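Residues per chain are reported as follows:
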Amino acid sequence: MADSTFYRSNNYLVLGEMNNLKNVNTLIDAGGNEAFVDQLNEVYTGIGKKKVEQIIITHSHFDHVSALPRLNDLYSPQVYAFSPYFKDSTKLNNGQLIKAGDGYLEVLHINVHSQDSICLYSQSEKILFSGDTIMNVKNTNGSYHKSFVDFLERIMTLKLNAIYPGHGPMIIDNIEEMLQLTLNNVKNSTIFE
């Protein structure tokens, strides 16, 4: 039997600061372990509001979407995805702004981990939700598409206070240095068009 912890992904609930009616309670990803769904019922998300009004999927791999049927049953949220594979979902576009909490997230499509991978950037909070797009490449052993170099160069222009990845702990220290090292390592790896 496989270890179910291997298939867990990070899920992020974005709420507004005041939890007022205009805020849009947004879940980023609907990961592989449904235990987090039970935890959602313990989170205060505002009077008269659904716990989850919308879900944004960073990509269609099962460890980021397997709890989606249960979340749909519980909350009937609007689902957004870059991929057209999700029934009744709204397709996202590169560069689109989508309201989340009391702010907006910019959709950044990156065709590296999967064809439908996106990152979500909050300009007001200077936060990047990176899904499974790797932000910390530590060596030059890989091979990468040139679009990943272009994407990293774009990310380097953003001022970031935190990166929230699809797996592992959030990144808050030395982000600029880490991204520069990643960009250098990717550029010194095998690049293909």
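Residues numbered from 1 in each chain as written. Predicted model: local features only at pLDDT ≥ 70, side-chain atom pairs only at ≥ 80, totals over all residues. Heavy atoms only, no water.

Q: Would you mind showing me how to read unusual backbone geometry here?
A: The phi torsion of most residues other than glycine is negative, and most of the peptide bonds are trans. At Lys-126, a residue that is not glycine, the phi angle is positive and equals roughly 60°. If you trace the backbone, Lys-126 turns up in the loop between β8 (118-122) and β9 (127-131). On the basis of relative accessible area, Lys-126 is assigned to the partly exposed category, the value being 32%. Residue Asn-174 is not a glycine yet carries a positive backbone phi of 50°. (Helix = DSSP H or I, 4+ residues; strand = E, 2+ residues; numbered from the N terminus. Buried < 20%, exposed > 50% of the residue type's maximum accessible area, 1.4 Å probe, protein only.)

Q: Whenever I open this one, the packing of aromatic side chains confuses me. Can you help?
A: Any pair of aromatic rings gets described here by the distance separating the centres and the angle formed by the planes. For the structure on display, the rule yields four aromatic pairs. Their ring planes at 55° and their centres at 5.4 Å tell us that Tyr-12 and Phe-129 sit as a pair that is tilted. Here the residue Tyr-12 occupies a position in strand β1 (residues 12-14), and Phe-129 occupies one in strand β9, the gap between them amounting to 117 residues. The class of Tyr-12 is buried, set by a relative accessible area of 17%. Centroid distance Phe-129 to Tyr-164: 5.4 Å. Interplanar angle 25°. Geometry classified as stacked. Remark: Tyr-164 occurs in strand β11 (residues 162-165) and Phe-129 occurs in strand β9; sequence separation between them is 35 residues. Lys-91 extends its terminal NZ or CZ atom over the ring of Phe-82, reaching a point 4.0 Å from the ring centre. (Phe/Tyr/Trp six-rings, centres within 6.5 Å; stacked < 30°, edge-to-face > 60°. Lys NZ or Arg CZ within 6 Å of the ring centre and 35° of its normal.)

Q: Which parts of the structure should I look at to understand the sheet that holds strand β2 (residues 26-28)?
A: Working definition: the strands of a sheet are paired by backbone hydrogen bonds and lie parallel or antiparallel to each other. Reading across from one edge, β1-β2-β3-β4-β5 is the order of the five strands in this open sheet, with mixed pairing throughout. Two strands close off the open sheet at either side, each with one partner strand: β1 and β5 (89-91). Adjacent strand axes in the sheet meet at a mean angle of 25°, parallel and antiparallel pairs treated alike. (Pairing = 2+ DSSP bridges. Axes fitted to C-alpha atoms, helices over the stretch in contact; angles between N-to-C directions.)

Q: Would you explain the nonpolar core in this entry?
A: Judged by nonpolar contacts, the single largest core of 21 residues is most densely connected at Leu-128 and Leu-160. Elements with a minimum of two residues in this core: β8, α4 (146-156) and α5 (175-187). (Core = buried A, V, L, I, M, F, W, Y, C linked by side-chain atoms within 4.5 Å.)

Q: Explanation requested: the environment of Lys-50 in the structure shown.
A: Considering the arrangement of structural elements, one finds Lys-50 in the loop between α1 (35-40) and β3 (54-57). With a relative accessible area of 36%, Lys-50 lands in the partly exposed category. Separated by 42 residues in the primary sequence, Lys-50 and Leu-92 place their C-alpha atoms 22 Å from one another. A polar atom in the side chain of Lys-50 sits 3.0 Å from the backbone oxygen of Ser-76. (Polar contact = N/O pair within 3.5 Å; in protein donor to acceptor, adjacent residues only side chain to side chain.)

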